[in-house]
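Listed here are the chains, written in short residue letters.
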Amino acid sequence: MRALIAKHKRRDVLFALLGLLALMIGILTFAALFVDMALRGFGRLDLDFFTSFPSRHAGQAGILSAWVGSTLVMAVTAAFAVPLGVAAGVYLEEYARKNWVTDLIEINITNLAGVPSIVYGLLALGLFVYQFGLGQSILSAGLTLALLILPVVIVATREAIRSIPQIIREGSYALGATRWQTVRYHILPYSSAGILTGIIIGMARAIGETAPIITIGALTFIAFLPPAPLQAEPPYLSFEWLLSPFTVMPIQMFNWTSRPEAAFQANAAAAGFVLVAMTLAMNALAIWLRYRLRRNIKW
Amino acid sequence: MKYWLIAAALAAATPATAQIVKIDGSSTVFPITEAVAEDFQKAKRGAIRVTVGISGTGGGFKKFCRDEIDVSGASRPIVKKEMQACAAAGVEYFELPVAFDAITVVVNPKNAFIKQLTIAELKKMWEPAAQGRVMRWNQVNPSWPDAPMNLFAPGADSGTFDYFTEAVVGKSKSSRGDFTASEDDNVLVQGVSRDVNGLGYFGYAYYIENQDKLKAVPIVNDKGQAVTPSMESVLKGSYTPLARPIFIYVNVKSLGKPEVKEFVQYYMTQGAKLAREVKYVPLPDHAYKTAWAHVLNGKKGTVFGGAAEVGVTIEELLRREARL
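Residues numbered from 1 in each chain as written. Chains lettered and ligands numbered in written order. Predicted model: local features only at pLDDT ≥ 70, side-chain atom pairs only at ≥ 80, totals over all residues. Heavy atoms only, no water.

1. Examining the sheet that holds strand β7 (residues 180-181) of chain B
Residue and element names in this part refer to chain B. Read across the sheet, 5 strands follow the order β7-β6-β8-β5-β9 without closing on themselves; strand pairing throughout is mixed. Looking at strand neighbours, the two that pair on one side only are β7 and β9 (215-216), the edges of this open sheet. Across 3 bridges, strand β6 (residues 150-153) lies against strand β8 (residues 198-202) in parallel orientation. The residue bridging F152 from the neighbouring strand is G200, located in β8. Packing of helix α8 (residues 185-194) onto the sheet brings it into contact with β5 (104-107), β6, β7 and β8, and relative to β8 it is tilted by some 155 degrees. (Pairing = 2+ DSSP bridges. Helix = DSSP H or I, 4+ residues; strand = E, 2+ residues; numbered from the N terminus. Contact = heavy atoms within 4.5 Å. Axes fitted to C-alpha atoms, helices over the stretch in contact; angles between N-to-C directions.)

2. Digging into the pairing of strand β12 (residues 243-251) of chain B
Residues and elements named next belong to chain B. Of all 9 residues that make up β12, 9 are buried, and the element is covered over most of its length. Side chains of β12 alternate between two faces, with A243, P245, F247, Y249 and N251 and R244, I246, I248 and V250 buried alike. Two strands pair when backbone bridges link them, and strand β3 (residues 71-74) and β12 are joined in this way by 4 bridges, in the antiparallel orientation. Within β12, the position partnered with G73 by the bridge is I248. Across 9 bridges, the pairing between strand β4 (residues 93-102) and β12 is antiparallel. (Buried < 20%, exposed > 50% of the residue type's maximum accessible area, 1.4 Å probe, protein only.)

3. Topic: the pattern of salt bridges
Throughout the structure, instances matching the rule amount to 28 salt bridges over all chains. One salt bridge connects E38(B) with R56(A), and the closest N-O pair in it is separated by 3.3 Å. Of the two residues, E38(B) sits in helix α2 (residues 30-43) while R56(A) sits in the loop between α2 (47-51) and α3 (64-95), which places them in two different chains. Owing to a relative accessible area of 5%, E38(B) belongs among the buried residues under this scheme. (Salt bridge = Lys/Arg side-chain N within 4 Å of Asp/Glu carboxyl O.)

4. Brief notes about the domain arrangement of chain B
All names here are of chain B. Partitioning chain B into domains gives domain 1 (3-100 + 244-323) and domain 2 (104-236). Between the C-alpha centres of domain 1 and domain 2 there is a distance of 30 Å. Listed as interface residues are 16 residues of domain 1 and, on the opposing side, 13 residues of domain 2. Summed over both partners, the interface of domain 1 with domain 2 buries about 1300 Å², with 68% contributed by carbon and sulfur atoms. In this structure, R76 engages D162 in a salt bridge whose closest nitrogen and oxygen atoms are separated by 3.9 Å. Taken together, domain 1 and domain 2 are joined by 1 residue pair in polar contact (both at pLDDT 80 or more). (Domains from an automatic or database assignment. Buried area = accessible area lost by both parts, 1.4 Å probe. Polar contact = N/O pair within 3.5 Å; in protein donor to acceptor, adjacent residues only side chain to side chain.)

Listed below in structure tokens is the structure:
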């Protein structure tokens, strides 16, 4: 008996070690890459790096057009993917009847999440760039990435809604609320933490995407910023930036790694560091928001 | 709310007010064009905007002949199919040579047995028939050691690959497939510098920046001389057939726009200095003057007739330009 317990305990320890090992492989690889990148790029990380345009002189080159481009593309992506994805998720969970049509849609959405991003790029090149005549613009790129993360947002929304107990809905209906009122005042607020997590995970994926952005024609060298959205004279708001040519962080990084001069490798490492930092910042924001929103739920 | 904003945005954004010169095309021409674009925008204090993309020579011509861009960079002259595509879309062009590049064959610095290479030896290494068969150095030349031969080269989308296969094998894109291919020349540099038995080829700039890690092999030209790639040997025309001219093609209609005209003029006056700075071989000064005169006199079209050609020297190029 004692021997049997000892044997089981040994297995327990063994599995714990195995699990730890599995965890460490992932974490250590990432940490090594990140530290290596930080060390090599550290010398380049100063204010000038963020406020300079790319240049053929490694020491003067910066990521201004790249980070502004990435930020604007992300803004367009969020503006389209969030309302569309959340609305679709809510409809599927709360309104749609459960039959074979919704099953089919469900399977397809899950499948879409696994479609390689280059396929979205090709679709967008035909549809947005040529068919809709949006050109090789920030708007085209934002729409492409919005399509790419739409399935992620929809799935996250549905999961978040499913975790709300049925009694909450029944309580709401019992008090005479309509379906819309239930969604508006109960379902959405309670599921917002989970939905936000899904949105941020999707955005974090989108910010690192290169293939679809190259396909629709992001540029390699661009030394100006899109027109500012706020103007000094009426009508004050300008949307010209939506149709402006652009570049994004991963493309800038790739261009620097393929340069003959070794000094550009430091620039690429620094840009990589900034890109990882941007992604981590987005994830941190998601965790913080989730924490705050959960605190307000009192069932 | 959000939707009508976007609709308003689309309506408001259609008239393009900014002056933009759109350039795309070869990655080989990119460093020069980028340098010109950078200095040009500084000289104009941002009044004119220039965008430069990299789609490769072929990709660039596709966009160029669809009238999507103003200028296309090309690491080889325009070919028949592309001329037809341009003609079908009514796109006319000026062909402006901007510099020479020397495709450089490199080996590991520890490689002691390769002193020079003939085109015939290179052909033995790279022709499609060598695939899976010619795997060791002594199979190419019996006086070389019995050691594995590891080859590195640009991928099939590259103009450098097109030109090298044309010059060495005799037919563009005709090459063995069992080598380490990469569109990123730095991968090739790393590969050869870490492999004592490695051999590769790429543009001259990548060799110059990595001279401490690589050895350039002298190539035996048609006069029987073994010539090391350098600015001088390309200028003299003795480094053949692996020296090649690179070009920009300018849309004739685009030249009607003052910003494009100013940019091309700037390219023709500053191009030589900037080409040297990014490690390309600039053309003699009067070559740029002749090219700009062609633009002013409306001499359109190509001097190459759409056929792939190798071993055109600077002298020969200038003679043809003068005849246009």
